[in-house]
Amino acid sequence: MSVKLLTIGDSISQGFMSGAAARTDLAYSTLVARRLGIDDYCFPDVWKLGGHPLNVENVLRALNNRYGNDISGLEWLTVLQTIGLQMDQVEDYYERGDGRATNPTGLNGFYHNLAIRGFTIADAWQVTPQLSLDTILRGKEQGDNWFLGLPDESFHRVALRVLNPNLDPEFMGFSQLDWLRYHATRNGGVENVFLWLGANNALGTVLSLTVKPTPGVRNTTGQRPVDLPYQVRENQGWNLWHPDDFRAEYQELIDRTDTILAENEYPDCRAFVATVPLVTIAPLAKGVGPVTPITVTEENGETREYMYYKYYTYFPFDEAFAHRTDRNLNLQQALLIDNTIRAYNRIIREITTAANARLPKPRYVVIDIAQSLTDMALKRNDYKPRYDFPAFFEFISPQLDTKFYHVDRSGQMKQGGIFSLDGVHPSAIGQGLLAHEFLKGMRATGLNVDLLNDDDWRAIFDSDDLYNKPISLMSELYEHNELIEFLLRVISAFKSKKQLELFGNKAAR
């Protein structure tokens, strides 16, 4: 029997939410699989305690349960202990308990959703279970058990768990693309592939508020990032691929995919590839200061005006903070990042168009998620979003937008809802909107698929606890820098190989 749907991607495709892997059961591809009637779509659902590195929603709910809608006076002396308890449980379970990645799960030997948080394009063929296991074991030899730490080598623990859940020796060398080959040639063939990579070739700019580009045209070594071994690329710390380097990497991805699918036992496979979102619209990066309208010519030739800010800093800080601390991206940097990503998306279209021209019938279908998310962006569109939301959204209350999630002390959600609490990854409802876009793209190819109906949307909204069970403690997050710093440290651990200490030097052994 053929595989109806295989997903290769990064954190968004994995269902990463609020700083942790992962609610893959709520991810867009799972929703699409259900709509298509695929009963055997298999995905990792092994992330207990909210997943890791650390689920910020779980932490804030623990604080909310203990302190109510505000933390006052001497209660602040116990906040660290409450957070520490959450962190210790997660660290113990994923480093030394049943959740450790070096412990077989007893589940199936493979998953159909192979997405892994933090993956750049080249990781799709460079990162293997063996590489991740070696890294974890090497880290254990060099590591230390800190109180108030996160699971060490969290990125590689996730990769190992997804790529080889049973630690089967046969699959220790299997990358994401190796699994595509396995299903295409040894497991009945693959009918549909979701292939969405590229965001992490730029996302680090927003996570760190710094820009460290690959050499691109300034390269004097003759080697592009795609030519380098995994660890060499990692050690460079690049967070924005020059378009020339992105082109080389994406071309390699499509060439390898073409070679694999040429042997596919299912000859009419479609590969749905998504564009790279503009990372500066993520609510983690708050625009502050004077606004400058910038005119952009879209790929279809349409001219649009978008609003850009003098600085982009971490929410919920202001312009004075951005200027005083130098924790910001300035307007020129934000435009550089966005224009670079726009170049990525032109490259994706060029490469997939050329690949389709070489084939007997077109295989690659581009889903323009970048434009959809840009159209949703509230501030970028001068508070007049252009996105055409499904009809179900018209009369819901509270309404949703792309700002950072906020709830007042009475428990009323005031803004947000499309992004989760890390300010980067979609909420369950946001994942529903991604599923809506993928289904639209599939229908456009002539596939007989229905869009999500009202019953589907009710189920998606019911699954979103941020929407249904608002966290009334959110005002404390906006009013106390220590809680904000904690959240930012968790977000910075997105692909970190190190543990995290809470509140700077306040962590103790």
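Position numbers for residues count from 1 along each chain, tracking the sequence in the order it is written. Whole-chain, interface and lining totals are the exception, using all residues; otherwise, since this is a predicted model, local features are given only for residues with pLDDT of at least 70 and side-chain atom pairs are given and counted only at 80 or more. In computing side-chain properties, one takes all heavy atoms of the structure into account and sets aside hydrogens as well as water.

Asker: I keep staring at helix α14 (residues 369–376) and nothing clicks. Help me out?
Answerer: Quick reminder: α-helices carry 3.6 residues per turn. Residues three or four places apart thus point the same way. Exposure classes here rest on a 1.4 Å probe applied to the protein chains alone. A residue is buried below 20% of its type maximum, exposed above 50%, and partly exposed in between. Secondary structure elements follow DSSP: runs of H or I no shorter than four residues count as helices, runs of E no shorter than two count as strands, and numbering proceeds from the N terminus. With seven of its eight residues buried, α14 lies for the most part within the structure. Every buried residue belonging to α14 is among I369, A370, S372, L373, T374, D375 and M376, and all of these are buried. Looking at the buried side of α14, the elements it contacts are β4 (192–196), β5 (270–274), β7 (303–314), α13 (331–358), β9 (364–367) and α15 (428–444). Contacts are residue-level and defined by heavy atoms, with any inter-residue pair within 4.5 Å sufficient.

Asker: What exactly am I supposed to notice about the packing of aromatic side chains here?
Answerer: Within 6.5 Å between ring centres, the rings of Phe, Tyr and Trp (the latter by its six-membered ring) count as paired, and their orientation is classed by plane angle as stacked under 30 degrees, edge-to-face over 60, tilted in between. Tallied over the entire structure, the rule returns 30 aromatic pairs. Here F393 and W457 contribute two aromatic rings whose centre-to-centre distance is 4.9 Å and whose plane-to-plane angle is 85°, an arrangement assigned as edge-to-face. One end of the pair, F393, is in the loop between α14 and β10 (406–407); the other, W457, is in helix α16 (residues 454–463), and 64 residues separate them in sequence. Note on accessibility: F393 and W457 belong to one class, buried. The rings of Y387, F389, F392, F393, W457, F461 and Y467 are connected pair by pair, giving a single aromatic cluster. Of note, K379 hangs over the ring of Y309, and the distance from its end group to the ring centre comes to 4.7 Å. Note that R380 overlies the ring of Y308, its terminal NZ or CZ placed 4.1 Å from the centroid. Cation placement over rings: the criterion is NZ of Lys or CZ of Arg within 6 Å of the ring centroid and within 35° of the ring normal.

Asker: What exactly am I supposed to notice about the sheet that holds β5 here?
Answerer: Sheet strands pair by backbone hydrogen bonding; their relative direction is either parallel or antiparallel. The strand order across the open sheet built from four strands is β1-β4-β5-β9, with neighbouring strands paired in parallel fashion. In this open sheet, the two edge strands, each paired with only one partner strand, are β1 (6–9) and β9. Pairs of neighbouring strands in the sheet enclose a mean axial angle of 20°, with direction left out of account. In this description, a line fitted to the C-alpha atoms serves as the axis of each element, helices being fitted only across the stretch in contact, and the angle between N-to-C directions of two axes falls anywhere from 0 to 180 degrees. Strands β1 and β4 of the sheet are contacted by helix α8 (residues 176–186), whose axis makes an angle of about 165° with β1. Running at roughly 160° to β9, α13 makes contact with β5 and β9 of the sheet. Each pair of strands is called paired provided DSSP finds at least two bridges between the two strands.

Asker: Could you clarify how one ought to interpret the packing of helix α2 (residues 28–35) against α15 in this entry?
Answerer: In a packed pair of helices, the relevant descriptors are the angle between the two axes and the axis-to-axis distance. Orientation of α2 relative to α15, taken along the N-to-C sense of each, is 50°, at an axis distance of 8 Å. By the angle class used here, α2 and α15 are oblique. Two packed elements cross with a definite hand, and for α2 against α15 that hand is right-handed. Contact residues: α2 offers Y28, L31, V32 and R35, while α15 offers Q431, G432, L434, A435, F438, L439 and M442. Oblique is the label for any angle not under 35 degrees, not over 145, and not in the 65 to 115 range, which are roughly parallel, roughly antiparallel and roughly perpendicular in turn. In this scheme the handedness of a crossing depends on how the near helix is turned from the far one: anticlockwise by less than a right angle means left-handed, clockwise means right-handed.

Asker: What is the right way to read the state of the cysteines from this model?
Answerer: Note on terminology: disulfide describes a covalent bond linking the sulfur atoms of two cysteines. When two cysteine sulfur atoms lie within 2.5 Å, the pair is treated as a disulfide. The final tally for this structure, using the stated rule, is zero disulfides. Of the cysteine sulfurs around C42, a residue in no disulfide, the closest is that of C269, at 19 Å. On the basis of relative accessible area, C269 is assigned to the buried category, the value being 5%.

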